[in-house]
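Overview (structure and organization)
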Amino acid sequence: MRIMGLDYGSVTIGVAISDELLLTAQGIEVIRRKQENKLRQTLARIEELIQEYDVNKIVLGYPKHLNNTVGERAVKSEEFADKLRARTGLEVILWDERLTTVAAHQVLDQTGMDYKNKALVVDKLAAVLILQGYLDKFNFMKNN
């Protein structure tokens, strides 16, 4: 049993998977889309990864505004969560992802990686941060 973390964007989706002990998140890939409203191939790839990694839950980044309001991107994430639930039958948890992309950029800035290479991995790292945040809270609640 593993958990999948997703950073859902208009062009890319970062994907992370937990280890079997549900302690750590590892970045798996970035799914690139040609058009924002075309999801068939994206959902098919997510289903393949669910099967490959024996995933039983999905944590989807929920990009609320800093003032805790829900904007256009968060609404699109809610719609995507509904599509994931219908397609996979899995529980999909919306996880507050405020500042995860900023944090991912900061981590990558410290590596000295150039802009082009950062652009290739920032969404995967954001997915890792989303999933790791969920796993940390899950394990804290389980142990307290």
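Note: the structure precedes this text.
Residues numbered from 1 in each chain as written. Predicted model: local features only at pLDDT ≥ 70, side-chain atom pairs only at ≥ 80, totals over all residues. Heavy atoms only, no water.

This brings us to the pairing of strand β2 (residues 12-18). Burial analysis of β2 places seven of its seven residues in the buried class, which makes it a mostly covered element. Of the two faces of β2, both are covered, the one formed by Thr12, Gly14, Ala16 and Ser18 as well as the one formed by Ile13, Val15 and Ile17. For strand β1 (residues 2-8) and β2, the ladder comprises five bridges, and the chain directions are antiparallel. When the bridges of β2 are listed, Asp7 appears paired with Gly14. (Buried < 20%, exposed > 50% of the residue type's maximum accessible area, 1.4 Å probe, protein only. Helix = DSSP H or I, 4+ residues; strand = E, 2+ residues; numbered from the N terminus. Pairing = 2+ DSSP bridges.)

Counted under the stated rule, the structure contains three aromatic pairs. Ring geometry for Trp95 against Tyr134: centres 5.4 Å apart, planes inclined by 85 degrees, an arrangement best described as edge-to-face. One end of the pair, Trp95, is in strand β5 (residues 91-96); the other, Tyr134, is in helix α4 (residues 115-143), and 39 residues separate them in sequence. Seen from their ring centres, Tyr134 and Phe138 are 6.2 Å apart, and the 20 degrees between their planes marks the pair as stacked. On the criterion of helical spacing, the pair formed by Tyr134 and Phe138 is a turn pair, its members being four residues apart in helix α4. A relative accessible area of 27% places Phe138 in the partly exposed class. (Phe/Tyr/Trp six-rings, centres within 6.5 Å; stacked < 30°, edge-to-face > 60°.)

Structural measurements only, silent on function.
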